[in-house]
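Each chain, letter by letter, is given below.
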Amino acid sequence: MKMRKLGNSGLEVSALGMGVMNLSFGTGKAVSQDDGVRVIHAAQDRGINFFDTAQAYGPYTNERLLGEALVGRRERAIIATKFGFKLENGGIVGTDSRPETIRAVAEASLISLKTDYIDLFYQHRVDPNVPIEDVVGTLKDLIREGKVLHYGLSEVGASTIRKAHAVHPVAAVQNQYSIWTREPEAEVIPVCEELGIGFVPWGPLGTGFLTGTITANTKFDSSTDLRAGFPRFTQEAIRANMPVVEMLRSIAARKHASPVQIALAWLLAQKPWIVPIPGMDKIEYLTENILSVDLELTDSDLREIDTQLASIHIQGGRLDDGLLSMSEK
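Residues numbered from 1 in each chain as written. Predicted model: local features only at pLDDT ≥ 70, side-chain atom pairs only at ≥ 80, totals over all residues. Heavy atoms only, no water.

Draft legend 1. Examining the overall build of the chain more closely. For the chain, the helix and strand inventory stands at 11 helices and 11 strands. Taken over C-alpha atoms, the radius of gyration comes to 19 Å for the chain, in line with the 20 Å a tight globule of 329 residues would show. For the chain, the residues scored as buried account for 56% of the 329 residues in total. Residue pairs in contact within the chain that sit at least 24 positions apart in sequence constitute 75% of those at least 6 positions apart. With an accessible surface of roughly 13700 Å², the chain has 50% of that area assigned to carbon and sulfur atoms. Of note, the chain has its 34 positive side-chain charges centred 2 Å away from the centre of its 41 negative side-chain charges. (Helix = DSSP H or I, 4+ residues; strand = E, 2+ residues; numbered from the N terminus. Rg over C-alpha atoms; globule rule 2.2 N^0.38 Å. Buried < 20%, exposed > 50% of the residue type's maximum accessible area, 1.4 Å probe, protein only. Contact = heavy atoms within 4.5 Å. Areas by Shrake-Rupley, 256 points an atom, 1.4 Å probe, with all protein chains shown as cover. Lys, Arg positive; Asp, Glu negative; His and termini not counted. Charge placed at Lys NZ, Arg CZ, Asp CG, Glu CD.)

Here you go:
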């Protein structure tokens, strides 16, 4: 497995990380603990050392699964988890990044993950009621105490990144980014490059759309699959956005690859400090995704993708109104 550095943080991680969320939450029914542990072990055995989870996934159950899987394997793992959502009755009801909440979540996460330090602790969403300087001040204290090694920001805008970085260096920014979600290119990625901050795209496969396995007839269970509420996953939007998948299939056929591998290779080609974290809940997905690390897209390939994308109008918002309202532009 090739390695990459997350900006100037000193964090060196596998070029492809693993989004652990799907094993417990978000895009279907949770897998059994035994199956989840098996997938995480397979990822680590194949060279992935960067695992992404959060308090909100489950909630809580995803951190516990990762913690169980890494018993006896912790020293070979870089764990990223997150705080910042207000949770009630098993659901998200807003944001909460008050200093006392950050500390409480950190302590709970350490227990769930069965570890005594968190490698990378993200603010999951910016809290409009708590100045980012106060949030980073608390994180700086946790870093000084050794409970957290680095911190990051998720779904954040360029201005907030600058304010946070002025208090203590930001190690990584995690925003949604993929071939069909390119908003970070306008301001966030340039600011990360300027300040030496790593960038970790979540949803690098378009929350499943870019795999080519989703059609207008695909049903999303509203009780277990967040995509049931995403405007980009209505039948009409799926039909309208299918040219993106057709483009990936065309290039994949020429490169003897799959649409998944083209989508991930495209991200890896953007910057050397970008580390995608696709969700992988089956071992066969691991095999396919890891091959993208060695897939080279030429300048001609990249220009072709940009040219074709310019003629495709992506239909539908990337998140539902509730989650989108908690994301900074």
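Draft legend 2. Just helix H4 (residues 132-144), in detail. With 13 residues, H4 ought to run about 18 Å at 1.5 Å a step, and its terminal C-alpha atoms sit 18 Å apart, in line with that. Along H4, the residues that are buried comprise Ile 132, Val 135, Val 136, Thr 138, Leu 139, Leu 142 and Ile 143. Down the axis of H4, the smallest arc covering the buried residues is 155°, so these residues share one side. Along its buried surface, H4 packs onto strand S5 (78-83), helix H3 (99-112), strand S8 (118-123), strand S9 (148-154) and helix H5 (158-167). Once H4 finishes, Gly 146 follows within two positions and takes phi at roughly 85°, a positive value. (Expected span 1.5 Å × (residues − 1). Arc of directions from axis to C-beta.)

Draft legend 3. Seen up close, the nonpolar core. By size, the foremost hydrophobic cluster in this structure holds 88 residues, and its most contacted members are Phe 50 and Phe 121. Every residue in contact with Phe 50, bar those within four places of it in the chain, is listed here: Leu 6, Val 13, Ser 14, Gly 17, Met 18, Ile 78, Ala 80, Leu 120, Tyr 122, Val 200, Val 275 and Ile 277. In terms of nonpolar packing, the next biggest core, distinct from the first, is built from 20 residues, Val 20, Val 37, Ile 48 and Phe 51 among them. (Core = buried A, V, L, I, M, F, W, Y, C linked by side-chain atoms within 4.5 Å.)

Draft legend 4. Examining the pattern of salt bridges more closely. Tallying each qualifying case throughout the model produces 22 salt bridges. Its salt-bridge partner being Lys 114, residue Glu 68 comes within 2.5 Å of it at the nearest N-O pair. Placement of Glu 68 in helix H2 (residues 61-69) and of Lys 114 in the loop between H3 and S8 is noted, with a sequence separation of 46 residues between them. (Salt bridge = Lys/Arg side-chain N within 4 Å of Asp/Glu carboxyl O.)

Draft legend 5. Representation of the side chain of Arg 74 within the structure. Mapped onto the elements of the fold, Arg 74 is located in the loop between H2 and S5. At 2.9 Å, the side chain of Arg 74 and the side chain of Thr 115 are in polar contact. Of the polar contacts made by the side chain of Arg 74, one reaches the backbone oxygen of Tyr 117; its length is 3.0 Å. Excluding anything up to four places from it in sequence, Arg 74 contacts Ile 79, Thr 115, Tyr 117 and Asp 119. (Polar contact = N/O pair within 3.5 Å; in protein donor to acceptor, adjacent residues only side chain to side chain.)

Draft legend 6. Layout of the packing of aromatic side chains. One pass over the structure, following the stated rule, counts nine aromatic pairs. Between Trp 180 and Phe 209, the aromatic rings sit 4.5 Å apart at their centres with planes inclined by 5°, giving stacked as the arrangement. With a gap of 29 residues between them, Trp 180 in the loop between strand S10 (172-174) and helix H6 (188-195) and Phe 209 in the loop between strand S11 (198-199) and helix H7 (235-255) connect regions that are remote in the sequence. What makes Trp 180 buried here is its relative accessible area of 5%. Each ring, one from Trp 180 and one from Phe 233, has its centre 6.0 Å from the other, and the planes form 85°; the classification is edge-to-face. In this pair, Trp 180 sits in the loop between S10 and H6 while Phe 233 sits in the loop between S11 and H7, placing the two residues 53 residues apart along the sequence. Of the aromatic side chains, those joined through ring pairs into one cluster are Trp 180, Phe 209, Phe 220, Phe 230 and Phe 233. One residue, Arg 74, lies across the ring of Tyr 117, its end atom 4.1 Å from the ring centre. Above the face of the Phe 233 ring, Arg 227 is positioned so that its terminal group lies 5.9 Å from the ring centre. (Phe/Tyr/Trp six-rings, centres within 6.5 Å; stacked < 30°, edge-to-face > 60°. Lys NZ or Arg CZ within 6 Å of the ring centre and 35° of its normal.)

Everything listed here is a matter of coordinates, which is why it stays silent on function.
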